[in-house]
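One-letter residues, chain by chain:
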Amino acid sequence: MNKLSIGKMAKMCNVSIQTLRYYDKVDLIKPIFRNESNNYRYYNISQVFRVNIIKYLQYSGLSIQDIKGVLALDNYDLMEFWKQQEKEIEKEIVKLQQSKRLIEGQQEQLHQLSIVKAIPQGETYVRTIPEEQVVWIKPKSELTPLSYPDNEVSDLDNILLEKETVANLQYGFSYDLKDYKKLKDIKYNGIFTRVFVDQLETSKARLEVIPSSEYFCISFLWDRTKYYDFYSKLKKEFQIKYGHFSTKVYELSTVDNYKYTNEKNFYTELRIKIPT
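Residues numbered from 1 in each chain as written. Predicted model: local features only at pLDDT ≥ 70, side-chain atom pairs only at ≥ 80, totals over all residues. Heavy atoms only, no water.

Enquirer: Hey, could you run me through the sheet that holds strand 7 (residues 190–194) in this one?
Expert: If you trace the eight strands from one edge of the open sheet to the other, you get 4-9-11-10-6-7-5-8, paired in antiparallel fashion. Only two strands of the sheet have a single partner each, and these edge strands are strand 4 (124–129) and strand 8 (206–210). Going from strand to strand, the sheet's axes swing by 35° on average, the running direction of each strand aside. For strand 6 (residues 170–176) and strand 10 (residues 248–255), the ladder comprises seven bridges, and the chain directions are antiparallel. Residue pairing for strand 10: Phe 173 is matched across the bridge by Glu 251. Its contacts with the sheet put helix 7 (residues 224–242) on strand 4, strand 6, strand 9 (213–221), strand 10 and strand 11 (266–273), and the angle it makes with strand 9 is roughly 155°. (Pairing = 2+ DSSP bridges. Helix = DSSP H or I, 4+ residues; strand = E, 2+ residues; numbered from the N terminus. Axes fitted to C-alpha atoms, helices over the stretch in contact; angles between N-to-C directions. Contact = heavy atoms within 4.5 Å.)

Enquirer: Sorry if this is basic, but what is going on with the sheet that holds strand 3 (residues 41–44) here?
Expert: Hydrogen bonds between backbone groups are what pair the strands of a sheet, and the pairing can be parallel or antiparallel. With antiparallel pairing, the three strands of this open sheet are ordered in space as 1-3-2. At either end of the open sheet lies a strand with only one pairing partner, and these are strand 1 (3–5) and strand 2 (33–34). Relative to strand 3, strand 2 runs antiparallel, the two sharing two bridges. Bridging from a neighbouring strand, Phe 33 pairs with Tyr 42 of strand 3. Against the sheet, helix 1 (residues 6–13) touches strand 1 and strand 3, its axis set at about 90° to strand 1.

Enquirer: Honestly, helix 5 (residues 75–117) in this entry has me stumped. Any pointers?
Expert: Residues spaced three or four apart along an α-helix point in a common direction, a consequence of the helix completing one turn every 3.6 residues. Taking 1.5 Å as the rise per residue, helix 5 with 43 residues should run 63 Å; its terminal C-alpha atoms sit 63 Å apart, in good agreement. Those residues of helix 5 not exposed but buried are Phe 81, Gln 85, Gln 98, Leu 102, Gly 105, Gln 106, Gln 109, Gln 112, Leu 113 and Val 116. Its side-chain oxygen placed 3.3 Å from the backbone nitrogen of Tyr 76, Asp 74 serves as the N-cap of helix 5. (Expected span 1.5 Å × (residues − 1). Buried < 20%, exposed > 50% of the residue type's maximum accessible area, 1.4 Å probe, protein only. Polar contact = N/O pair within 3.5 Å; in protein donor to acceptor, adjacent residues only side chain to side chain.)

Enquirer: Can you help me understand the nonpolar core in this one?
Expert: The nonpolar side chains of soluble globular proteins are, as a tendency, buried together. Grouped together as the largest cluster of nonpolar side chains are 34 residues, with contacts concentrated most on Tyr 175, Tyr 227, Tyr 231 and Leu 270. Secondary-structure elements contributing two or more residues to this core are strand 5 (132–137), helix 6 (150–162), strand 6, strand 9, helix 7 and strand 11. The leading source of residues in this core is helix 7, at five residues. In this structure, Leu 20, Tyr 23, Val 26 and Ile 67 belong to the second largest nonpolar core, which totals 21 residues. (Core = buried A, V, L, I, M, F, W, Y, C linked by side-chain atoms within 4.5 Å.)

Enquirer: I would appreciate a short explanation of a nonpolar patch on the surface in the present structure.
Expert: Among the surface-exposed residues, Phe 49, Ile 53 and Leu 71 lie close enough to one another that they form a single nonpolar patch of about 270 Å² accessible area. Tracing the chain through its elements places Ile 53 in helix 3 (residues 48–59). Ile 53 gets classed as partly exposed once you look at its relative accessible area, which sits at 31%. (Patch = residues over 30% accessible without salt bridge, like charges linked within 9 Å, V, L, I, M, F, W, Y side chains within 5 Å. Areas by Shrake-Rupley, 256 points an atom, 1.4 Å probe, with all protein chains shown as cover. Salt bridge = Lys/Arg side-chain N within 4 Å of Asp/Glu carboxyl O.)

Enquirer: How do you make sense of the pairing of strand 9 when you look at a structure like this?
Expert: Looking along a regular strand, one sees side chains alternate from face to face of the sheet. The buried fraction of strand 9 amounts to seven of the nine residues, a majority that puts the element mostly inside the structure. Summarising the sheet, strand 4 and strand 9 pair through six bridges and their orientation is antiparallel. What sits directly across from Ile 129, in strand 9, is Ser 213. As judged from the seven bridges shared by strand 9 and strand 11, these two strands associate in the antiparallel manner. Residue pairing in the sheet places Phe 216 in a bridge with Ile 272 of strand 11.

Okay, here's the thing in structure tokens:
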């Protein structure tokens, strides 16, 4: 029986000597002979294929502990094991695809924020908003721009967490375009955030696609003391340009480059969809 030194064995198996020593340490594959005088390890040519099996199982994503278990299974149990592994991988693929969409969403959100920041605060403007998929909930209690809607936002976050997704770090509120005498008279009738899922089966929220459209807007760093003036200016100029009719105002707030210390770090944009 020809013996292979650990160096020759490593070269034949295309692994490092350290890897073979590790396999020995964790009892995955033992040398057939160890020289007690110099502690050199020797292997048999027939062990090369076992190393290849171990490498294959590692490449499949299995841990060393899993590999040791798999090597002890019979044919039926191996089939069941790989079926389960396939299901786990499919779940991971879905999660990775969702993570990719979240990353793409953050890039788009930062791009949109850069557009808003380049416009002087308090000036009205027209811009095209790209298509967005959002999830909506109705406020459980009366909310106005004077409110602190942490509980409602938390409810929205929890709904998304239950469905194994998250909000896009941007929250929106909607209300009717009307003549309000004071800021406290503005009552939010919807709370929403952008999401990146194809389905959201829940009675607690509604999934909706907002198509790309042109909006008449005004933006500012969040400030309750100036909100009413900004809203009034937006409404007045919108009605001069486009007329008087019933529609909604969308309030979107985005934290400035993750630099959150208080609510004044939010850039807020008020939007009114321009009629076509």
